[in-house]
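Architecture at a glance
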Amino acid sequence: MVKIDDTDRQILKVLQRNSKLTTKELANEVNLTATPVFERQKRLEKEGVIQKYVAVLDPEKVELGLIVFCNVKLKHHSKQYGADFVSAINAMDEVVECYNISGEYDFMMKLYVKDMKHYQNFVLNTLGEIDAIGSLHSIFVIGETKSFSGIPLNV
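Notes on the structure in this doc start here.

Basis of the calculations
- Residues numbered from 1 in each chain as written.
- Predicted model: local features only at pLDDT ≥ 70, side-chain atom pairs only at ≥ 80, totals over all residues.
- Heavy atoms only, no water.
- Helix = DSSP H or I, 4+ residues; strand = E, 2+ residues; numbered from the N terminus.
- Axes fitted to C-alpha atoms, helices over the stretch in contact; angles between N-to-C directions.
- Parallel < 35°, antiparallel > 145°, perpendicular 65-115°, else oblique.
- Contact = heavy atoms within 4.5 Å.
- Core = buried A, V, L, I, M, F, W, Y, C linked by side-chain atoms within 4.5 Å.
- Buried < 20%, exposed > 50% of the residue type's maximum accessible area, 1.4 Å probe, protein only.
- Phe/Tyr/Trp six-rings, centres within 6.5 Å; stacked < 30°, edge-to-face > 60°.
- Lys NZ or Arg CZ within 6 Å of the ring centre and 35° of its normal.

**Quick notes on unusual backbone geometry**
At Asn-31, a residue that is not glycine, the phi angle is positive and equals roughly 60°. Structurally, Asn-31 is set in the loop between α2 (23-29) and α3 (34-46). Backbone geometry at Glu-63 places phi at a positive 60°, although glycine is not the residue there. Along the chain, the position of Glu-63 falls in the loop between α3 and β1 (66-74).

Rendered as structure tokens:
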């Protein structure tokens, strides 16, 4: 277990809002000098707390404005069906998140597609090729009321 103190949490919180800050700007945000902030950030990276830095895109501006949550039920609960499904999903660009879940369905996926026609093609020609899938349930996002790509950290 990695030990994280309140200062580390402050640094992480600020970086989740804007990872492009310079070390000096980050230090100003957390009321420290640049050297200890730099050292802490490098330690958090080395220990795997910070896994990567990414650019968050506007889906509409890259023509992927339809967000779909797709729940999947496997035909059978077997190690092979599960592995086959996960392997296939990991190769699909449209799927940005996939969770093995409890309840009525086995997996929940989040996808970005251009439009309904794109999703129909994805279901029929991509998901339809996965023999392990027993049934699907699709949920289409009408509007987004909150989006946060980070991890909530209480400081």
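Let's pick the thread back up.
**Notes on the packing of helix α1 (residues 6-17) against α3**
Each packed pair of helices is defined by two parameters, the angle between the axes and the distance between the axes. Viewed as axis vectors pointing N to C, α1 and α3 meet at an angle of 80°, and their least axial separation amounts to 11 Å. Taken together, the axis directions place α1 and α3 in an arrangement best described as roughly perpendicular. On the side of α1, the interface is formed by Thr-7, Asp-8, Ile-11, Leu-12 and Leu-15, while α3 contributes Val-37, Arg-40, Gln-41, Arg-43 and Leu-44.

**Regarding the nonpolar core**
Soluble globular proteins: nonpolar side chains tend toward being buried together. Core analysis: the biggest nonpolar cluster contains 20 residues, and Val-72, Phe-85, Ile-89, Met-109, Leu-111, Leu-127 and Ile-130 have the highest contact counts within it. If you list the elements that add at least two residues to this core, you get β1, α4 (79-90), β3 (107-113) and α5 (116-125). Sorting elements by how many residues they give to this core places β1 first, with five residues. Contacts of Ile-89, omitting those with residues within four sequence positions, involve Val-95, Cys-98, Met-109, Leu-127 and Ile-130. With 11 residues, the next largest nonpolar core counts Val-30, Leu-44, Ile-50 and Leu-153 among its residues.

**Quick notes on the packing of aromatic side chains**
Scanning the model with the defined rule gives three aromatic pairs in all. On the basis of an interplanar angle of 40° and a centroid distance of 4.5 Å, the ring pair of Phe-85 and Phe-107 is categorised as tilted. Taken as a pair, Phe-85 in helix α4 and Phe-107 in strand β3 lie far apart in primary sequence, 22 residues in all. Phe-107 carries the same exposure label as Phe-85, and that label is buried. Seen from their ring centres, Tyr-119 and Phe-140 are 5.5 Å apart, and the 90° between their planes marks the pair as edge-to-face. Highlighted residues: Tyr-119 in helix α5 and Phe-140 in strand β4 (residues 133-140), separated in sequence by 21 residues. The exposure class of Tyr-119 is buried, given its relative accessible area of 4%. Judged by relative accessible area, which is 34%, Phe-140 ranks as partly exposed. A connected cluster of aromatic rings, assembled from ring pairs, spans Tyr-119, Phe-122 and Phe-140. Directly above the aromatic system of Tyr-105 lies the positively charged group of Lys-73, at a separation of 5.3 Å from the ring centroid.

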